[in-house]
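Examining the three-dimensional arrangement
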Amino acid sequence: MSSPSKRREMDLMKLMMSDYKVEMINDGMQEFYVHFHGPTDSPYHGGVWKVRVELPDAYPYKSPSIGFTNKIYHPNVDEMSGSVCLDVINQTWSPMFDLVNVFEVFLPQLLLYPNPSDPLNGEAAALMMRDRGAYEHRVREYCEKYAKAEDAGAAPEEKSSDEELSEDEYDSSDEAVVGKVDP
């Protein structure tokens, strides 16, 4: 690659052409959101998170900054800030990796194999070590409460043609949208 900016463009385009929804934050290509779905065969399955990605000027030689914007219950994710404690991203990053690796390999592995011995969320780590079933129940509760498609800003799945809209869904009121007219 001739320059970090060309590589950044190429990696971002590769990510956009994959199955991930990508939202640019500003005109540059350094900050964006990616809609990330919890891996199948995990208590995170069905959850959708909006993950903020910031690419440093030295990307791909320096790792991207990754953070969940909607809440997730996980030993290696700070519950308040959404910061991710992921060794591969933070310490062992290599220019051989790209953004698709982050979302297809690193984050799914993080959710499938949490490391409670190196926690950012001590409560989640302690619960996971003490009672795995209760931990997985709490994960599912968080998914239900904070990780719906609409929480990540994704469009909810469309209804099949077999389902009818309820009167509430069908009827829309202009007044509710624009407010009352001033007298």
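Thresholds, definitions, all that
- Residues numbered from 1 in each chain as written.
- Predicted model: local features only at pLDDT ≥ 70, side-chain atom pairs only at ≥ 80, totals over all residues.
- Heavy atoms only, no water.
- Helix = DSSP H or I, 4+ residues; strand = E, 2+ residues; numbered from the N terminus.
- Buried < 20%, exposed > 50% of the residue type's maximum accessible area, 1.4 Å probe, protein only.
- Contact = heavy atoms within 4.5 Å.
- Areas by Shrake-Rupley, 256 points an atom, 1.4 Å probe, with all protein chains shown as cover.
- Phe/Tyr/Trp six-rings, centres within 6.5 Å; stacked < 30°, edge-to-face > 60°.
- Core = buried A, V, L, I, M, F, W, Y, C linked by side-chain atoms within 4.5 Å.
- Salt bridge = Lys/Arg side-chain N within 4 Å of Asp/Glu carboxyl O.
- Pairing = 2+ DSSP bridges.
- Axes fitted to C-alpha atoms, helices over the stretch in contact; angles between N-to-C directions.

What follows covers the overall build of the protein chain. Per the secondary structure count, the protein chain includes seven helices and four strands. Overall, the protein chain shows an N-to-C arrangement of helices and strands of α-β-β-β-β-α-α-α-α-α-α. Within the span of the protein chain, comprising 183 residues, buried residues form 38% of the whole. Of the contacts made within the protein chain by residues no fewer than 6 positions apart, 54% connect residues no fewer than 24 positions apart. About 11,300 Å² of surface is accessible on the protein chain, with carbon and sulfur atoms providing 49% of the total.

Applying the stated criterion across every chain, the model contains 10 aromatic pairs. Within the aromatic cluster, the residues linked to one another by ring pairs are Y59, W93, F97 and F106.

The next point concerns the nonpolar core. Counting 38 residues, the largest nonpolar core has F103 and L107 as its most contacted members. With eight residues, helix 3 (residues 99–112) is the largest single contributor of residues to this core. If we ignore the near neighbours within four places in the chain, the residues touching L107 are F36, V51, I66, F68, V84, L86 and V102.

Moving on, we get to the pattern of salt bridges. If you walk through the whole model with that rule in mind, you get nine salt bridges. Residue E123 pairs with R138 through a salt bridge whose shortest N-O separation is 2.6 Å. Of the two residues, E123 sits in helix 4 (residues 122–130) while R138 sits in helix 5 (residues 132–146), which places them 15 residues apart along the sequence. Its relative accessible area of 46% is what places E123 among the partly exposed residues.

Before going further, it helps to examine the sheet that holds strand 2 (residues 31–37). Pairing in this open sheet of four strands is antiparallel, and the strands run 1-2-3-4 from one edge to the other. Bordering the open sheet on either side are strand 1 (22–24) and strand 4 (65–68), each of which pairs with just one other strand. Strand-to-strand, the axes of this sheet are offset by a mean angle of 25°, without reference to chain direction. In the sheet, strand 3 (residues 48–54) pairs with strand 4 via four bridges, with the strands oriented antiparallel. Within strand 4, the position partnered with R52 by the bridge is G67. Contacts from helix 1 (residues 4–17) reach strand 1 and strand 2, with the element oriented near 135° to strand 1. This element, helix 3, spans strand 2, strand 3 and strand 4 of the sheet and lies at about 50° to strand 2.

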